[in-house]
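Summary of structural features
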Amino acid sequence: ATAEDQSAAGLRQAIDNLQNADELSTASSPPSTPLNPRQTGNDPRASNPFTPGTEHLLQELRNKMDAKTSPERKRINSFMIKLIRENESRPSRPRSKTPNEELPINHHAFDNYRPSSRAGTGGTNRSRTARDLDSASGRARRRASKNIVDRILKTGDDDQISLALLDALNHPSIRPYVKRIYGEQDSEKSAVGRVAVDGMKALTERIAKSKYDGGRRRECRALLSMIGMTLTESAEEKEVPQEAVIRQVFPNFSRRSAQRILKKAGAKRKRFEEEEIRDFTLVEDELKRSKYSAKEIEDLRNWMCTNDYSRDSPQAKDTIRERDVNGDLIPLLDDQGNPRKDHKNKVKYRRRSKVLTALNAREMHVQMLKPESEGGFAGAYAEGKVRFSVNSILHYWPNWLKVMTDADKVMCGCETCLSTDDVHLAYKAKRRKIIAAAEVVLEEMDPEDPGYEEFKTALQSYVAEVMPGGRHKYETCMDAAEQYGCGKRVEINGQSFPPFECVNLKCAECIKAGVKTPEFETSQHMNRLTSISKDIQYTKFNTFVRCSKHGSRHISSHDTAPKIRCSKCEDLPDDEKGKLVEKKLRTLETEPFRDFVGEDGTYSLQLKKMFAHKFHVILLGKNFKKKYRYSYAERSSLILKISRDFSERWVPAANNQQQFEYFNNDTSLGIEGIVVYFKPKGQTEYQTRFYSILSTEKTQDG
């Protein structure tokens, strides 16, 4: 049935109006009823379903009906009822126009199929008529649907029906109706939408299956939130239920988890639309929570790097980029507090020398729990309970603190620097113990005691002398070497140096002055400190010799050569003797503290060696010698700087030669390299030239 001009629907409407002619005594327009949406204006396609010709026909029928008597009206009604029934069984004409795909479907299209109702019926018959109208339209719709289904099912078997139905839906004449019902499912937008849903489903499935293997990281949670952000608002606008979104995109999550993800995504989508885009962050910054204060953490990290078992790396280039407690790199700041950047506009980060420790995390925890006088951590306990656990030690372990390996423990380096560094670190630790034990003794003393004030004054002077401001006066052995000597200094190239005779240890005043020991450490007050040992332990490098066959138990020293021998190998033939191997290792030494700090004690002698060694290192180092010599050479155009490389002797080797060609061959050939740094005549820039010299002389000049 159609609603076009001169259609059967128009005729049925006219007949319906004539059946109710008793109620149409005036020449008004046809009545509007809920069952006639075309007359109420609900149909968006037309405000008036009839053309002027149809309206004229209706007017003529009304005029004639007014002139007829009741019997004549009954005959006309019977004729029209018969005409209606014949029209219902008549197939409708196909539409000549393509339906508008943008307009909504009129769900009351089958309401035009209506049964007859007698004029002059009462209220009861009127309600029955309304029910008949509903059932009639439903029967008509079901009848039309059944006709289509029957025709499809009679096509053939299952495959034939599927193929025929697919072709029918894609037929040019049927395609507009399919689009009007379901939309353009094969459009580019629909294809991309299906791919997007499948992709989001695959991502959520991988995260759900890997929740115990990284799936709970904040980056994965941010990805789930981003997927939810793309679905929440769009689903609400398209009236897609949330359950459908959960089924299609989050099938591997529980219903509660999926709802929680979508709820958070909706809140983030709202913030994204309302806030400034520069303030929006996809990965939310988590709050850094800790049960320790910043000062407690800083004190613990400082103790880990400065306890008796930690020392600075002897290698100047053994550095690392420093990280804070949270593991973030610390940038270098300029005077305005902004991060410094290099020529490539990259941020510069703070570098720090590595600290070597002989303790692992558990051993570090055991050492931490010891009394402070024995090298423990002062903040290890709070109200009698242990404050830090082993996991806390691991969590707050500084990234520049490195556990010593075997290579670090036998590291080859300058013996004077390494030995002095070990002795100085042991001395610093001993001084901390002395101060801690003296403070305990002072608290236990009676203020009325005659020696109380004297002990208190001596302790305060000692602390001010060795640890001003709570830190050691000399942190490194290089700084501590300044204690030795007479104190005279001369300036060379902007740096202060002792006179040459002082550096060579030939100054009488330096020898006389030596190293001044604090008075408290040699006074009688040390006898009160019974809680600490009277000895001091330190490490130093010693030479150890072992026999490759008999070990080190039978090694003995002699005044005559060979001075080191293995007693087991002396009576053996030469081919059965073992090989003596020398190796320097750090060894633990124990010595009375008074002997250690005496005038000719270990510490004084070690600083004396370090004093002479320190300035030789500076004068002969690259930063002073090389730069200073180059700057001096560039002051004059008549100076040549020459560096000579070592020489190598050429050794001929037989290679597919006859014997007489290399027997008695005493040819000696050497090669030597020379680097010349000079300024060519007439030029302003210095140049570097390399020369190789070949020589056949027996004596090779290296």
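Analysis parameters
- Residues numbered from 1 in each chain as written.
- Predicted model: local features only at pLDDT ≥ 70, side-chain atom pairs only at ≥ 80, totals over all residues.
- Heavy atoms only, no water.
- Helix = DSSP H or I, 4+ residues; strand = E, 2+ residues; numbered from the N terminus.
- Buried < 20%, exposed > 50% of the residue type's maximum accessible area, 1.4 Å probe, protein only.
- Areas by Shrake-Rupley, 256 points an atom, 1.4 Å probe, with all protein chains shown as cover.
- Axes fitted to C-alpha atoms, helices over the stretch in contact; angles between N-to-C directions.
- Parallel < 35°, antiparallel > 145°, perpendicular 65-115°, else oblique.
- Contact = heavy atoms within 4.5 Å.
- Nonpolar A, V, L, I, M, F, W, Y, C, P; charged D, E, K, R; others polar.
- Phe/Tyr/Trp six-rings, centres within 6.5 Å; stacked < 30°, edge-to-face > 60°.
- Lys NZ or Arg CZ within 6 Å of the ring centre and 35° of its normal.
- Core = buried A, V, L, I, M, F, W, Y, C linked by side-chain atoms within 4.5 Å.
- Salt bridge = Lys/Arg side-chain N within 4 Å of Asp/Glu carboxyl O.

Time to look at the overall build of the protein. Within the protein, the secondary structure is distributed over 25 helices and 16 strands. Within the protein, the proportion of its 702 residues that are buried is 30%. For the protein, the exposed surface amounts to about 47700 Å²; the carbon and sulfur share of it is 50%.

Another aspect to go through is the packing of helix H10 (residues 242-249) against helix H11 (residues 255-274). Interhelical geometry of H10 versus H11 gives an angle of 110° and a closest axis separation of 11 Å. Taken together, H10 and H11 sit at an angle that is classed as roughly perpendicular. From H10, Gln242, Glu243, Val245 and Ile246 reach across to H11, where they touch Arg255, Ala258, Gln259 and Leu262. Taken together, the residues of the contact of H10 with H11 break down into four nonpolar, two polar and two charged.

Turning next to the packing of aromatic side chains. Ring pairs (aromatic) are described by centroid distance and by the angle formed between their planes. For the coordinates displayed, the defined rule picks out 15 aromatic pairs. Judged by centre distance (6.0 Å) and plane angle (65°), the rings of phenylalanine 497 and phenylalanine 615 are edge-to-face. Of this pair, phenylalanine 497 sits in strand E9 (residues 495-497) while phenylalanine 615 is found in helix H23 (residues 602-620), placing the two residues 118 residues apart along the sequence. In this structure, lysine 430 is placed above the aromatic ring of phenylalanine 593, and the distance from its NZ or CZ to the ring centre is 5.9 Å. For arginine 431, the ring lying beneath its charged end belongs to tyrosine 427, and the centroid distance is 3.9 Å.

Quick look at the nonpolar core now. Among the nonpolar cores identified, the biggest contains 38 residues, and Ile434, Phe455, Phe520, Leu529, Phe593, Phe596 and Tyr603 are the most heavily contacted of them. Those elements that place two or more of their residues in this core are helix H16 (415-444), helix H17 (452-466), helix H19 (500-503), strand E10 (535-547), helix H22 (593-596) and H23. The dominant element in this core, judged by the number of residues it contributes, is H16, at nine residues. Once you skip the residues sitting within four places of it in the chain, phenylalanine 520 turns out to touch Ile434, Ala438, Phe455, Ala458, Leu459, Tyr462, His525, Met526 and Leu529.

Attention shifts here to the pattern of salt bridges. Note that side chains of opposite charge can pair when their charged atoms are close. Inspection of every chain in the model, using the stated rule, returns 18 salt bridges. When the shortest N-O distance is used, the salt bridge between aspartate 299 and lysine 295 registers 3.0 Å. Linking aspartate 299 with lysine 295, this pair stays in helix H12 (residues 294-306), spanning four residues, or about one helical turn. Residue aspartate 299 is classed as partly exposed on the basis of its relative accessible area of 31%. Here arginine 489 ties to glutamate 482 by a salt bridge, and the two come within 2.6 Å at their closest N and O atoms. Of the residues examined, arginine 489 reaches a relative accessible area of 30% and is grouped as partly exposed. Because the salt bridges share partners, they merge into one network encompassing Glu322, Arg350 and Arg352.

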